[in-house]
Amino acid sequence: METKWVRIFEGDTLVEVDIQPGSKRSEILGFEPWRKRLKIAVRSPPVDGAANIELIELIAEEIGIKKAGVTILIGESRRHKTVKLRGDHVKKIRNFAED
């Protein structure tokens, strides 16, 4: 499996994600091979940054880090985002892709 969608950069983990706002459940759905991104569903609508806040909270909870350790680097107002996680979490992220 191609792993450019999750990588280490300057000691932190960068993850390419595809967010699905307004979903029935908030969850990490897994790796989407066609787009080569981790697909994540959130219940919040894409209004006033609510979906971004929920995305950060969900990733932080699932990975086991503080919300302050998760940042959206690229794509604040798009469904396709690059998310930065403080530290090396590549193995944990890859586990979501394999589930």
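Our subject is the structure listed above.
Here is what the cut-offs are and how they apply
- One numbering rule holds for all chains: residues counted from 1, following each sequence as written.
- At least 70 in pLDDT is required for a residue's local features to be given in this predicted model, at least 80 for side-chain atom pairs to be given and counted, and no such filter applies to totals for whole chains, interfaces and linings, which use all residues.
- Based on all heavy atoms of the structure, the side-chain values leave hydrogens and waters out of the count.
- We count a stretch as a helix when DSSP gives it H or I for four or more residues in a row; a strand needs E for two or more, and each element gets its number in order from the N terminus.
- C-alpha atoms define the radius of gyration, and 2.2 Å times the number of residues to the power 0.38 defines the globule rule.
- Relative accessibility decides the category of a residue: with a 1.4 Å probe and only protein chains considered, values under 20% of the type maximum give buried, values over 50% give exposed, and everything between is partly exposed.
- Note that accessible areas follow from Shrake-Rupley with a 1.4 Å probe, and for residues the cover is restricted to the protein chains shown.
- For the charge count, each Lys or Arg is scored as positive and each Asp or Glu as negative, with His and the chain ends excluded.
- For the purpose of locating charges, the reference atoms are NZ of Lys, CZ of Arg, CG of Asp and CD of Glu.
- Strands were regarded as paired on the criterion that DSSP finds at least two bridges between them.
- The span expected for a helix works out to 1.5 Å for each residue beyond the first.
- Contact between two residues is taken to exist if any of their heavy atoms lie within 4.5 Å; hydrogens are not considered.

Quick word on the overall build of the protein
On a plain count of helices and strands, the protein comes out with 2 helices and 6 strands. Taken over the C-alpha trace, the protein has a radius of gyration of 12 Å; the compact-globule value for 99 residues is 13 Å, and the two agree within 12%. Oriented by its inertia axes, the alpha-carbon framework of the protein measures out at about 30 × 30 × 20 Å. Within the protein, buried positions represent 45% of all 99 residues. Approximately 6100 Å² of the protein is accessible, and the part contributed by carbon and sulfur atoms is 49%. In the protein, 19 positive and 16 negative side-chain charges are present, and the distance between their average locations comes to 2 Å.

A short note on the pairing of strand E2 (residues 12-20)
Of all 9 residues in E2, 8 are buried; the element is thus mostly enclosed. Hairpin geometry of strand E1 (residues 6-9) and E2 is characterised by an intervening segment of 2 residues between the two adjacent antiparallel strands and by a positive phi of about 50° at glutamate 10. In terms of strand pairing, E2 meets strand E6 (residues 80-85) through 6 bridges, oriented antiparallel. From the neighbouring strand, threonine 13 faces E6, where its bridge partner is leucine 85.

A look at the environment of arginine 78
Within the element layout of this structure, arginine 78 appears in the loop between strand E5 (70-74) and E6. Overall, the relative accessible area of 48% leaves arginine 78 in the partly exposed class. Sequence separation between arginine 78 and asparagine 52 is 26 residues; the distance between their C-alpha atoms is 9.8 Å.

Remarks on helix H1 (residues 50-63)
Here H1 contains 14 residues, and its C-alpha end-to-end distance of 20 Å stays within 8% of the 20 Å for a straight helix at 1.5 Å per residue. Structurally, H1 contributes buried residues whose contacts are with E2, strand E3 (27-32), strand E4 (37-41), E5, E6 and helix H2 (90-98). Looking one or two residues beyond H1, the residue adopting positive phi is glycine 64, at roughly 90°.

Description of unusual backbone geometry
Phi is positive for glutamate 10, which is not a glycine, with a value near 50°. Looking at glutamate 10, the relative accessible area reads 71%, which means it is exposed. A positive phi angle, close to 55°, is found at aspartate 48, a residue other than glycine. Relative to the elements of secondary structure, aspartate 48 occurs in the loop between E4 and H1. On the accessibility criterion, aspartate 48 (78% relative accessible area) is exposed.

Here's the deal with the pairing of E1
Bridge analysis of E1 against E2 gives 4 bridges, and the strand direction is antiparallel. Paired with arginine 7 across the strands is leucine 14, a residue of E2.

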